[in-house]
Amino acid sequence: MLGLRDGLVQDLEDVRSQAEQWGCRRLYLTSEPDNQAAHAGWIALGFVNVPGDHEINGVSVITDFKGPGRSRAVYQLTLS
């Protein structure tokens, strides 16, 4: 039985593989600005926190990224 992290890593690899087949060059994802566990996890998986317009606890955040009052930390993974 896979653990949560193992399942997430496998899902990410599946998404990455499909994206590369489609010719995508980057993957993006977002998380709540104050979710330090998500930030650490995405960084450990090779994502880079995209520069935003301010920081919360050292995490770059884009104001209203998902609409008014819905600021998010945005992460990018460059594909080969």
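Quantities reported herein were computed from a predicted structural model and do not represent experimental measurements.

K.L.:
Could you clarify how one ought to interpret the pattern of salt bridges in this entry?
P.N.:
Oppositely charged side chains can form a pair if their charged atoms are brought close together. Applying the stated criterion across every chain, the model contains 2 salt bridges. With its nearest N and O atoms 3.5 Å apart, the salt bridge here joins Glu20 to Arg16. Of the two residues, Glu20 and Arg16 both sit in helix α1 (residues 4-21), 4 residues apart, roughly one turn of that helix. Exposure remark for Glu20: the relative accessible area of 30% places this residue in the partly exposed category.

K.L.:
What's the story with the sheet that holds strand β5 (residues 73-78) in this structure? I'm lost.
P.N.:
Note: strands within a sheet are paired through backbone hydrogen bonds, in either parallel or antiparallel orientation. Taken in spatial order, the 3 strands of this open sheet run β1-β5-β2, and their pairing is antiparallel. Two strands in the sheet have a free side with no partner beyond their single neighbour: β1 (26-31) and β2 (48-49). Sheet topology note: the β1/β5 ladder contains 6 bridges and is antiparallel. Of the residues in β5, the one forming a bridge with Leu29 is Tyr75.

K.L.:
What is the right way to look at the environment of Ser17 in this model?
P.N.:
Along the chain, Ser17 turns up in helix α1. Assessed through its relative accessible area of 35%, Ser17 is described here as partly exposed. Residues Ser17 and Gln76, 59 residues apart in the sequence, show an inter-C-alpha distance of 16 Å.

K.L.:
Explanation requested: unusual backbone geometry in the structure shown.
P.N.:
Most peptide bonds are trans, and most residues other than glycine sit at a negative phi. For Asn57, which is not a glycine, the phi torsion comes out positive at approximately 50°. Along the chain, the position of Asn57 falls in the loop between β3 (54-56) and β4 (59-61). Look at Asn57 and you get exposed, because its relative accessible area is 62%. With phi around 55°, Asp64 is a residue other than glycine that occupies positive phi space. If you trace the backbone, Asp64 turns up in the loop between β4 and β5.

Cut-offs and rules
- Residues numbered from 1 in each chain as written.
- Predicted model: local features only at pLDDT ≥ 70, side-chain atom pairs only at ≥ 80, totals over all residues.
- Heavy atoms only, no water.
- Salt bridge = Lys/Arg side-chain N within 4 Å of Asp/Glu carboxyl O.
- Helix = DSSP H or I, 4+ residues; strand = E, 2+ residues; numbered from the N terminus.
- Buried < 20%, exposed > 50% of the residue type's maximum accessible area, 1.4 Å probe, protein only.
- Pairing = 2+ DSSP bridges.

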